[in-house]
Structure formats: C-alpha cells, structure tokens
Amino acid sequence: MRNIVIPMDIGPKGLNVTKDPKQAIDQMLTLLLGTPCYSSVADPQFGFVFNNMRFEIFNENEGVVYNSSESTSIFEGQEGLYNKKITGSSKNLNTFAAELKDTIMRYEKRLKDVTVSMTYVREERKIYVTVKGVIIETEADYLYTTTLNVWN
C-alpha cells in the first residue's frame, strides 16, 4: 500500500508517496494535533479541540483549562471541555486524551486498538503525548510520541 506524504508534496510523478505506513501515520497525527477544530472549511471537525483553547488560562493546580467566559463550551456540541483533565489516559472519559483518541479513531483508519496518554510536566511547561496502537496493514505495534508546549 502507498501512503500520501503530508504535507502534500508534488514531485515529477505526481503526489509523493511513502511505502512506510508508520511514517505516513506519524505525519497524519502531527497534522491532526497541530490543527484547531473548525479551521478547515472542507471538514470543520478535523483537528484537536485542545488547540482551540490555546488562549484560555491554564489552571496548573486543577490540571484543567480555566473557563474565562460565561459560556460552558467553545463551540456547539463541545460542552464539558473545561472540565476535562489535561493529564490522563484515553481510558478515562473526562480527559483530553480521550478526546484525542476519538479524533484519531475518526480520521486515522490505518490504526486499531488505539490508546492515548497525555502527561503535563509543570517544571518543563510541556504536555507529553503518547499514542499507541496497531497498524492494521502490517499488524505491527505502533508508537507515536510528541510534546505540546503550554501556552502561558
């Protein structure tokens, strides 16, 4: 199977592709994590909703994003985001890791058995993100790690 390289790159033979499914999935997850929801006209749901909260106040003591407005949601259908914990795993429903897992399962069909963990390290002001799963095509274990910088 051939996978399109992200960001899309047009070469002499058309869109560049890779035969390495891990590389293609890594690139897709990087794009997904870096895109705020509702920023793509073609698919407003594409992206990670955590990015939409980057200008909100980060409550380090509670491990949540502080709601500085009167609204309980950023966008319609996204109620409860201000109650979600930043540190946690996708096994706990009230975490951003569970939100990310749901997003990955919706947009990355090459993975199965996906689990996500997010860990906030206060001293470094970073959130460590780990995605584990199985690549359907090869049945190989999959691991993706990255960090997100805390915005305040």
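Values in this document were obtained by computation on a predicted structure and should not be read as measured data.

### A closer look at the overall build of the protein chain
- Across its full length, the protein chain holds two helices and ten strands.
- Put simply, the protein chain runs from its N terminus to its C terminus through helices and strands in the order β-β-β-β-α-β-β-β-α-β-β-β.
- Residue burial in the protein chain is summarised as follows: out of 152 residues, 41% are buried.
- Contacts in the protein chain between residues far apart in sequence, at least 24 positions, make up 37% of those at least 6 positions apart.
- When the accessible surface of the protein chain is totalled, it reaches about 8,800 Å², and 52% of it is carbon and sulfur.

### What to know about helix H2 (residues 96-107)
- With twelve residues, H2 should cover 16 Å at 1.5 Å per step; its first-to-last C-alpha distance of 17 Å lies within 8% of that length.
- Of the positions making up H2, those classed as buried are Phe96, Ala97, Ala98, Glu99, Leu100, Thr103, Ile104 and Tyr107.

### Here's the deal with the environment of tyrosine 82
- As for its placement among the helices and strands, tyrosine 82 is situated in the loop between strand S6 (64-66) and strand S7 (88-89).
- Sequence separation between tyrosine 82 and threonine 95 is 13 residues, and the spatial gap between their C-alpha atoms is 10.0 Å.

### Remarks on the pattern of salt bridges
- Summed over all chains, the structure comprises four salt bridges.
- Linking lysine 84 and glutamate 99 is a salt bridge whose minimum nitrogen-to-oxygen distance equals 3.6 Å. One end of the pair, lysine 84, is in the loop between S6 and S7; the other, glutamate 99, is in helix H2, and 15 residues separate them in sequence. Each member of the pair, lysine 84 as well as glutamate 99, is classed as buried.
- The closest approach of N and O atoms between arginine 110 and glutamate 108, which form a salt bridge, is 2.6 Å.
- Judged by its relative accessible area of 23%, arginine 110 falls in the partly exposed class.

Cut-offs and rules
- Residues numbered from 1 in each chain as written.
- Predicted model: local features only at pLDDT ≥ 70, side-chain atom pairs only at ≥ 80, totals over all residues.
- Heavy atoms only, no water.
- Helix = DSSP H or I, 4+ residues; strand = E, 2+ residues; numbered from the N terminus.
- Buried < 20%, exposed > 50% of the residue type's maximum accessible area, 1.4 Å probe, protein only.
- Contact = heavy atoms within 4.5 Å.
- Areas by Shrake-Rupley, 256 points an atom, 1.4 Å probe, with all protein chains shown as cover.
- Expected span 1.5 Å × (residues − 1).
- Salt bridge = Lys/Arg side-chain N within 4 Å of Asp/Glu carboxyl O.

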